[in-house]
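Residue-level structure breakdown
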Amino acid sequence: MKNPARVLIIGGGVIGLCTAYYTAQKGHQVTILDRNSEDHGGCSFGNAGMVVPSHFVPLAAPGAVALGLKWMWNPESPFWIKPRIDLDLFSWALKFWRASTAEHVARSAPLLRDMHLASRTAFEELSNVPGFDFGLVKKGLLMLCRTQHALDEEAKAAGKARELGVPAEILDAKQTAKLDPNVTMDIAGSVYFPKDCHLIPDRFMAGLKQQLKQLGTKFLWNTEVTGWRQESGRIKSVETTNSTFEADEYVLCGGSWSPVIARSLNLNIPMQAGKGYSLTLNNPRQLPTICSILTEARVAVTPMGNQLRFGGTMEIAGLNEEINPVRVQGIIKSVPRYYPEFKIADFEGIQPWRGLRPCSPDGMPYIGRASRYANLSIATGHAMMGLSLAPVTGKLVAQILSRETPFLDIKQLNPERYA
């Protein structure tokens, strides 16, 4: 690296922390600024903790709009849009519809595959760092299908995965039970993706912060951006609720709040916050060893040590962190349909967690430099794949900040593609 830079990262979620980690490792002086307190428990903490090379299809794909329209009239369904008059929402939905094509999927899938696989390798490397144990389990993922129709559809997806070099196996109910005998399942079968992994996200975040402190990174919590000072196509400083901060390079990793922050720089980053929920059982009746997705219900199931986490739903309701109990009930009711030993009563008294996922209209993250400002980079919009894509995003941004050529071609992720 030629010259160490002072780098200010806006956003202390998993994307911001991974960006900080790989940037600090390159010798830069890093400061992380976040609008919340350190223990806020944002989107990165309560998620399903999955690392998913199997998820190479972006959110915007053929059939996504029709399925969304079918689901959105049922408030307990996996997808719901809160009815409201909102021009940003309308514009986002129109862009989503335009992006939901086979051509978009074909163009995006190889890049998403490569990003997830690079992240998987990075998670393996991080798990070997002394004192950094975040419960990485490399046993794959099961797409559990209750109906033969769903299994047939997932089998098609498995075929596409194999074409892309992502291993996938189609299993019947007995084969699935043999693979994970710890849990009773009522299913037609499953698709098994052996390359997928899972981990404990809050332990990963805590360990990452510890590593960053050892690297000399500074943290500024409860600090919200209020404005910018610009000069000759460069950002000179950022104004916050606490003070004004200067840096050589700025990185916007603000998750669902990124568009609001970008707007004050006259940048357009179309985004909707997709609220998700999770519930974690401390003493589950049964504890699977492999993470799963309940396919028809779109619910993720992850064993985390002795706990079992159920997460799901996509609720487009703006920057609103309130918990909608009807949405939570949708998750709870789906569990006994796949795991008959579990009861709805098992979830009584369990406090639901919620987080806002930053969703771009085409289902692809925004990663790269902003052309309008020579020293501003953007890394956001990862939707439900934030944890899985965090290390590769951090590595790519660290290369960009160090004036190196990124190891992947990320032109498709241009943060100004909707400018």
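Presented here is an overview of the structure given in this document.

Here is what the cut-offs are and how they apply
- Residues numbered from 1 in each chain as written.
- Predicted model: local features only at pLDDT ≥ 70, side-chain atom pairs only at ≥ 80, totals over all residues.
- Heavy atoms only, no water.
- Salt bridge = Lys/Arg side-chain N within 4 Å of Asp/Glu carboxyl O.
- Helix = DSSP H or I, 4+ residues; strand = E, 2+ residues; numbered from the N terminus.
- Buried < 20%, exposed > 50% of the residue type's maximum accessible area, 1.4 Å probe, protein only.
- Patch = residues over 30% accessible without salt bridge, like charges linked within 9 Å, V, L, I, M, F, W, Y side chains within 5 Å.
- Areas by Shrake-Rupley, 256 points an atom, 1.4 Å probe, with all protein chains shown as cover.
- Pairing = 2+ DSSP bridges.
- Right-handed = clockwise from strand over helix to strand, strands pointing away.
- Axes fitted to C-alpha atoms, helices over the stretch in contact; angles between N-to-C directions.
- Parallel < 35°, antiparallel > 145°, perpendicular 65-115°, else oblique.
- Contact = heavy atoms within 4.5 Å.
- Nonpolar A, V, L, I, M, F, W, Y, C, P; charged D, E, K, R; others polar.
- Phe/Tyr/Trp six-rings, centres within 6.5 Å; stacked < 30°, edge-to-face > 60°.

Scanning the entire structure with this criterion turns up 20 salt bridges. Among the salt bridges present, the one from E125 reaches K395, with a minimum N-O distance of 3.4 Å. Of this pair, E125 sits in helix α4 (residues 102-127) while K395 sits in helix α10 (residues 386-401), and the two are 270 residues apart along the sequence. You can call K395 partly exposed: its relative accessible area is 23%. Residue E153 is joined to K156 by a salt bridge in which the shortest nitrogen-to-oxygen separation is 3.1 Å. Taken together, the residues E153 and K156, both in helix α5 (residues 148-163) and three residues apart, mark about one turn of the helix. On the basis of relative accessibility, which here comes to 35%, the residue E153 falls in the partly exposed class. Given the relative accessible area of 51%, K156 is considered exposed. Here the residues in one salt-bridge network are R120, E124 and K138, joined through shared partners.

Together, F90, L94 and W97 make up a nonpolar patch on the protein surface, roughly 350 Å² of accessible area in all. Note that F90 resides in helix α3 (residues 87-99). Exposure remark for F90: the relative accessible area of 58% places this residue in the exposed category.

With respect to burial, strand β1 (residues 6-10) is a largely interior element, four of its five residues being buried. Note that β1 and strand β2 (residues 29-33) share five bridges and pair parallel. By the bridge assignment, R6 is partnered in β2 with Q29. Taken together, β1, helix α1 (residues 14-25) and β2 constitute a β-α-β crossover, and its handedness is right-handed. Pairing of β1 with strand β13 (residues 249-252), which is carried by four bridges, proceeds in the parallel orientation.

Direction vectors running N to C along α4 and α10 enclose 90 degrees, while the axes themselves pass 7 Å from each other. As far as their axial angle goes, α10 and α4 are roughly perpendicular. Across from L112, M115, H116, A118, S119, A122, F123 and E125 in α4, the residues of α10 making contact are L387, S388, L389, A390, P391, V392, T393, K395 and L396. Split into classes, the residues belonging to the contact of α4 with α10 amount to 11 nonpolar, four polar and two charged.

In total, this model carries 12 aromatic pairs according to the counting rule given. Seen in terms of ring centroids, Y21 and Y22 are 5.0 Å apart; in terms of plane orientation they differ by 85 degrees. Their pairing is edge-to-face. As far as the burial class goes, Y21 and Y22 line up, both buried. Ring centres 5.5 Å apart and planes at 70 degrees place the aromatic pair F310 and F347 in the edge-to-face group. Pair noted here: F310 is in strand β17 (residues 307-316) and F347 is in the loop between α9 (325-338) and β18 (353-359), with a separation of 37 residues, a long-range link. What makes F310 buried here is its relative accessible area of 0%. Through a chain of ring-to-ring contacts, three or more aromatic side chains come together here, namely F123, F132, F134 and F204.

With glycine set apart, most residues show a phi of negative sign, and most peptide bonds adopt trans. In the Ramachandran plot, A383 falls in the positive-phi region, its phi being about 50 degrees despite a non-glycine side chain. Structurally, A383 is set in the loop between β20 (376-380) and α10. A relative accessible area of 10% places A383 in the buried class.

It is worth spelling out the sheet that holds β13 at this point. One key point about sheets: their strands pair by backbone hydrogen bonds, in either a parallel or an antiparallel sense. Sheet architecture is open: six strands sit in the order β9-β2-β1-β13-β20-β19, paired in mixed fashion. Looking at strand neighbours, the two that pair on one side only are β9 (218-220) and β19 (366-369), the edges of this open sheet. For this sheet the average axis-to-axis angle between neighbouring strands, irrespective of direction, equals 20 degrees. Sheet analysis places β19 next to β20, joined by four bridges and oriented antiparallel. Directly across from Y366, in β20, lies its bridge partner T380. Each of β1, β2, β9, β13 and β20 is contacted by α1, which is oriented at about 170 degrees to β2, the strand it contacts most.

When strand β10 (residues 225-231) meets strand β11 (residues 234-240), the two strands line up antiparallel, connected through six bridges. Across the sheet, W228 pairs through a bridge with V238, a residue of β11. Hairpin geometry of β10 and β11 is characterised by an intervening segment of two residues between the two adjacent antiparallel strands and by a positive phi of about 55 degrees at S232. In textbook terms, the turn of a hairpin is the stretch between consecutive antiparallel strands, and for β11 and strand β12 (residues 244-246) this stretch comprises three residues.

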